[in-house]
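# Working through the structure, step by step
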Amino acid sequence: MTWDTAAQNSFIQTSITMAGVVFTQVAPEKSACVDNWYLGNGQKTARNAHIRKTIAQYDGYHPSGTILAILLEACGPLN
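This section reports on the structure supplied with the text.

On the surface, Val-22, Val-26 and Leu-78 cluster together to form a nonpolar patch covering roughly 260 Å² of accessible area. Here Val-26 is to be found in helix α1 (residues 5-26).

Right, dumping it as structure tokens:
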């Protein structure tokens, strides 16, 4: 959270893109869900703000883990 907002947004987008790539191999339907959740209906800016707020709220956890938890909450478990 010490990075400037543009760098945080870049980290978030890269993390979500990579999660989507992994999901294409282990749970393809989740990959589509992640794309729709993050990019659908022009929600990217709002999603970034939500993710930044959640990372700050749970600052004892690694940001990547927090992002994954948010994605699983939005799109359901991987099993």
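Here the narrative resumes, following the displayed structure.
A word on the packing of helix α2 (residues 28-39) against helix α3 (residues 44-57). When two helices pack together, you describe them by how their axes are tilted relative to each other and by the distance separating the axes. Taken N-terminus to C-terminus, the directions of α2 and α3 make an angle of 95 degrees; their axes are 7 Å apart at the nearest point. Taken as axis vectors, α2 and α3 run roughly perpendicular relative to one another. Contacts from Trp-37, Tyr-38 and Leu-39 of α2 reach α3 at Lys-44, Arg-47, Asn-48, His-50 and Ile-51.

Moving on, we come to the environment of Ser-15. Here Ser-15 is to be found in helix α1. Taking the relative accessible area as the measure of exposure, Ser-15 reaches 17% and is therefore buried. When the C-alpha atoms of Ser-15 and Leu-68 are compared, they prove to be 8.6 Å apart, with 53 residues separating the residues in sequence.

Further remarks concern the side chain of Thr-54. Residue placement: Thr-54 occurs in helix α3. In this structure Thr-54 touches Thr-66 and Ile-70, once residues within four positions along its chain are discounted.

Over the atoms rolls a probe the size of a water molecule, and in doing so it shows where empty space is left. Roughly 160 Å³ of volume is contained in the largest pocket. Lining of the largest pocket is provided by Met-1, Thr-2, Trp-3, Gln-8, Phe-11, Ile-12, Arg-52, Ile-55 and Pro-63. Contributions of two or more residues to the lining of the largest pocket are made by α1 and α3. If you tally residues by element for the lining of the largest pocket, the top one is α1, at 3 residues.

Rules of the game
Residues numbered from 1 in each chain as written. Predicted model: local features only at pLDDT ≥ 70, side-chain atom pairs only at ≥ 80, totals over all residues. Heavy atoms only, no water. Patch = residues over 30% accessible without salt bridge, like charges linked within 9 Å, V, L, I, M, F, W, Y side chains within 5 Å. Areas by Shrake-Rupley, 256 points an atom, 1.4 Å probe, with all protein chains shown as cover. Salt bridge = Lys/Arg side-chain N within 4 Å of Asp/Glu carboxyl O. Helix = DSSP H or I, 4+ residues; strand = E, 2+ residues; numbered from the N terminus. Axes fitted to C-alpha atoms, helices over the stretch in contact; angles between N-to-C directions. Parallel < 35°, antiparallel > 145°, perpendicular 65-115°, else oblique. Contact = heavy atoms within 4.5 Å. Buried < 20%, exposed > 50% of the residue type's maximum accessible area, 1.4 Å probe, protein only. 1 Å grid on protein atoms, 1.4 Å probe; cavity = no way out; pocket = protein on both sides within 12 Å on 5 of 7 lines; lining within 4 Å. Points joined across faces, edges and corners; volume = space filled by probe spheres on them.

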